[in-house]
Amino acid sequence: MYFNRLIDKSLEEWAKIDDHKPILLRGARQVGKSSSVKHLGRKFKNYAEINFEKTPIYKDVFEIDLDPVRIVSQLSALCGTTIVPGKTLLFLDEIQECPKAVMSLRFFREELPQLHVIAAGSLLEFALDDLPTFGVGRIHSVFMRPMSFDEFEMACGFDALLKAKNEASAEHPLPEPLYKTILEHYRTYMMVGGMPEVVLKWVKTHDYIQCQEVQDDIIVSYEDDFPKYKNKVNPDLLRAVMRSAAIQCGRKFVYANVAGYKTHAVKQALDLLYRAGILVPVTHTSANGLPLGGEADSAKRKVIFLDCGLLLRTLNMALGDITEITTRIITASAADLVNKGAIAEQVAGTELLVYKSANLRHELYYWAREAKNSLAEVDYVESLGNAVTPIEVKANVQGGMKSLWVFMREKKLHRAVRCSAENFGTIIFVDSKDGDEQREVEIVPLFAISKLYR
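Residues numbered from 1 in each chain as written. Predicted model: local features only at pLDDT ≥ 70, side-chain atom pairs only at ≥ 80, totals over all residues. Heavy atoms only, no water.

**What about the overall build of the protein chain?**
From N to C terminus, the protein chain includes 16 helices and 14 strands. Relative to a compact globule of 454 residues, whose C-alpha radius of gyration would be 22 Å, the protein chain shows 23 Å and is just as compact. Taking the principal axes of its C-alpha atoms as reference, the protein chain extends roughly 75 × 50 × 45 Å. Within the protein chain, residue pairs in contact and separated by at least 24 positions form 72% of the contacts whose partners lie at least 6 positions apart. Approximately 19500 Å² of the protein chain is accessible, and the part contributed by carbon and sulfur atoms is 49%. (Helix = DSSP H or I, 4+ residues; strand = E, 2+ residues; numbered from the N terminus. Rg over C-alpha atoms; globule rule 2.2 N^0.38 Å. Contact = heavy atoms within 4.5 Å. Areas by Shrake-Rupley, 256 points an atom, 1.4 Å probe, with all protein chains shown as cover.)

In structure tokens, the structure reads:
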């Protein structure tokens, strides 16, 4: 069973243009890269899949030289599929197992420009580090993430609800029955997450326990990869850092909380987990203007997981029992979606990433002021409509916005976003402390973050 993905449109548009580059499809293990390429392959007359991990003999083809004409001829003979430029999609899977195949991609662009080539693999970022060059400017990178809430709704067959959500606005909020129904679906998404294999299990069984078993298998597969990481960082350290990141989710990461390891080693492990796509950094920025990265401070970072479902399972492994958290998510009322704001912040962060262009590796930022007796923090700061936009995440329908007002006043901003369990709406505030300036906060439900990019 194939679930439609947001990335499908990008891949289909690439397939139609004459002047295309080979694609390097990048992302963490098991986010659905291979399935999306196979789905695209159905639109071609021929589809040839070369898996270097499953069939290592293919690597020998690239050892002689990097001549794409010879390579295609020999691959065609070995796999038994005719490979014709303009009519065939050539998929080089698990390409990290054959570094010379990565290096060959640039020559496909130069000498066989009409052939559609996509390469993907696990731990690909580490393989790229070891190459002197892999064709910068001649290869198009596309980044893939776990399934978003919108993709989850489509997979579950709720296209009509998705359409109603996308048509709603502050002026025309969702009718109460629809709002509560989608919020219930969002609660399910928080538990299931967006790893395609887990979503498939949910669609087939609607059984949280069976979904958790699949999530456990994915986490174990990630940990089994740890010995393969660059520089052979201690796998026990990587495991400890990953579980500490789960516990510290939503807060500034404290290296000392990873007991028994030096700060330098913890930083190195964190960086490798970022590169593998398992963890996502949220970096502090002063946010005085765009680009936000221009004033980023990498010494101050929060960390989230690539997927909310995997976060909950890792918490279970780290703490031994998260029954209270899962119970609150499953049974809470709409007015109190989950009493753990870090989980809501986690999902909001991954949603902010997944709806952006797949052509770039995007970053997440937050803002904080740590002055004595004047603490303030905004969960996320985004560039929306070419303007600095603060985004505050609330797990329920209550909670003050003191930090948001402080940020808007300090940065002279007139628009902000509040993502919460509320329906669509707007809060207008006339700031008497700043010359009666009018400031507007747009209320966007947690399940509708995709609308920020429409």
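**Some thoughts on the environment of Val198**
Assignment of secondary structure puts Val198 in helix α9 (residues 196-205). Distance from Val198 to Gln215, taken between C-alpha atoms, is 6.6 Å for residues 17 residues apart in sequence. With residues up to four places along the chain from it excluded, the contact list for Val198 reads Val192, Cys211, Val214, Gln215 and Ile218.

**As for the environment of Asp379**
Mapped onto the secondary structure, Asp379 falls in the loop between β9 (374-378) and β10 (380-384). Through-space distance from the C-alpha of Asp379 to that of Ala348 is 9.5 Å; in sequence the pair is 31 residues apart. Within polar-contact distance, the side chain of Asp379 engages the backbone nitrogen of Val393 at 2.7 Å. (Polar contact = N/O pair within 3.5 Å; in protein donor to acceptor, adjacent residues only side chain to side chain.)

**Section: the pattern of salt bridges**
Applying the stated criterion across every chain yields a total of 27 salt bridges. Beyond isolated ion pairs, a larger network of salt bridges with shared partners links Glu223, Asp236, Arg239 and Arg243. (Salt bridge = Lys/Arg side-chain N within 4 Å of Asp/Glu carboxyl O.)

**Brief notes about the sheet that holds β9**
Strands sit in the order β7-β6-β8-β9 across an open sheet of 4 strands; the sheet is mixed. Edge positions in the sheet fall to β7 (296-305) and β9, since each of these pairs with one other strand and no more. Strand-to-strand twist in this sheet, taken as the mean axis angle between neighbours without regard to direction, amounts to 30°. Bridging between strand β6 (residues 279-285) and β7 involves 7 bridges; their strand directions are antiparallel. Paired with Thr283 across the two strands is Arg301, which belongs to β7. (Pairing = 2+ DSSP bridges. Axes fitted to C-alpha atoms, helices over the stretch in contact; angles between N-to-C directions.)

**Section: the state of the cysteines**
As enumerated under the stated definition, the model contains 0 disulfides in all. Here Cys79 is not disulfide-linked; the sulfur of Cys98 is the nearest cysteine sulfur, at 15 Å. Judged by its relative accessible area of 23%, Cys79 is partly exposed. The closest cysteine sulfur to the non-disulfide-bonded Cys419 is located on Cys308, 15 Å from its own sulfur. Judged by its relative accessible area of 0%, Cys419 falls in the buried class. (Disulfide = S-S within 2.5 Å. Buried < 20%, exposed > 50% of the residue type's maximum accessible area, 1.4 Å probe, protein only.)

**A look at the packing of aromatic side chains**
As enumerated under the stated definition, the model contains 12 aromatic pairs in all. With a centroid separation of 5.4 Å and an interplanar angle of 50°, the aromatic rings of Phe152 and Tyr189 are classed as tilted. Taken together, the residues Phe152 in helix α6 (residues 149-155) and Tyr189 in helix α8 (residues 176-192) connect sequence positions 37 residues apart. The class for Tyr189 is buried, based on a relative accessible area of 3%. (Phe/Tyr/Trp six-rings, centres within 6.5 Å; stacked < 30°, edge-to-face > 60°.)

**Observations regarding helix α3 (residues 68-79)**
If you check α3, its first and last C-alpha atoms are 16 Å apart, about what 12 residues at 1.5 Å a residue would give, namely 16 Å. Buried-residue contacts for α3 involve β2 (46-51), β3 (88-93) and α4 (99-111). Sitting at the amino-terminal end of α3 is Asp67, which places a side-chain oxygen 3.2 Å from the backbone nitrogen of Val69. Of the residues one or two after α3, Gly80 is the one with positive phi, at around 75°. (Expected span 1.5 Å × (residues − 1).)

**Comments concerning helix α13 (residues 308-319)**
Each full turn of the α-helix corresponds to 3.6 residues, which orients residues three or four apart in the same direction. Helix length check: α13 (12 residues) gives 16 Å between terminal C-alpha atoms against 16 Å at 1.5 Å per residue, within 8%. Within the span of α13, buried status applies to Cys308, Gly309, Leu310, Leu311, Leu312, Arg313, Thr314 and Leu315. N-capping of α13 is provided by Asp307, with a side-chain oxygen placed 3.1 Å from the backbone N of Gly309. Taken from the residues just after α13, Gly320 is the one with a positive phi, measuring 90°.

**Thoughts on the packing of α9 against helix α10 (residues 208-225)**
Axis separation between α9 and α10 bottoms out at 9 Å; the angle between their running directions is 165°. The orientation of α9 relative to α10 falls into the category roughly antiparallel. Read as a crossing pair, α9 and α10 show a hand that is right-handed. Contacts from Glu197, Val198, Lys201, Trp202 and Thr205 in α9 reach Tyr208, Gln210, Cys211, Val214, Gln215 and Ile218 in α10. Partitioning the contact of α9 with α10 into residue classes produces 6 nonpolar, 3 polar and 2 charged. (Parallel < 35°, antiparallel > 145°, perpendicular 65-115°, else oblique. Left-handed = near helix turned anticlockwise from the far one by under 90°. Nonpolar A, V, L, I, M, F, W, Y, C, P; charged D, E, K, R; others polar.)

**Quick notes on the packing of α3 against α4**
Between α3 and α4, the shortest axis-to-axis distance is 9 Å and the interhelical angle comes to 105°. If you check the angle between α3 and α4, you find them roughly perpendicular. Between α3 and α4, the contacting residues are Pro68, Ile71 and Val72 on the first element and Ser104, Phe107, Phe108 and Glu111 on the second.

**Regarding the nonpolar core**
The biggest cluster of nonpolar side chains holds 106 residues, and the ones touching the most others in it are Ile118, Tyr229 and Ile278. The dominant element in this core, judged by the number of residues it contributes, is α8, at 8 residues. Contact partners of Tyr229, with chain neighbours within four places excluded, come to Leu123, Phe126, Leu238, Leu272, Leu273, Ala276 and Ile278. Counting 27 residues, the second largest nonpolar core, distinct from the first, contains Ala48, Tyr58, Ile71 and Phe108. (Core = buried A, V, L, I, M, F, W, Y, C linked by side-chain atoms within 4.5 Å.)

**Quick word on the side chain of Gln96**
Relative to the helices and strands, Gln96 is located in the loop between β3 and α4. Owing to a relative accessible area of 13%, Gln96 belongs among the buried residues under this scheme. A polar atom in the side chain of Gln96 sits 2.9 Å from the side chain of Glu94. A distance of 3.1 Å separates a polar atom in the side chain of Gln96 from the backbone nitrogen of Ser122.

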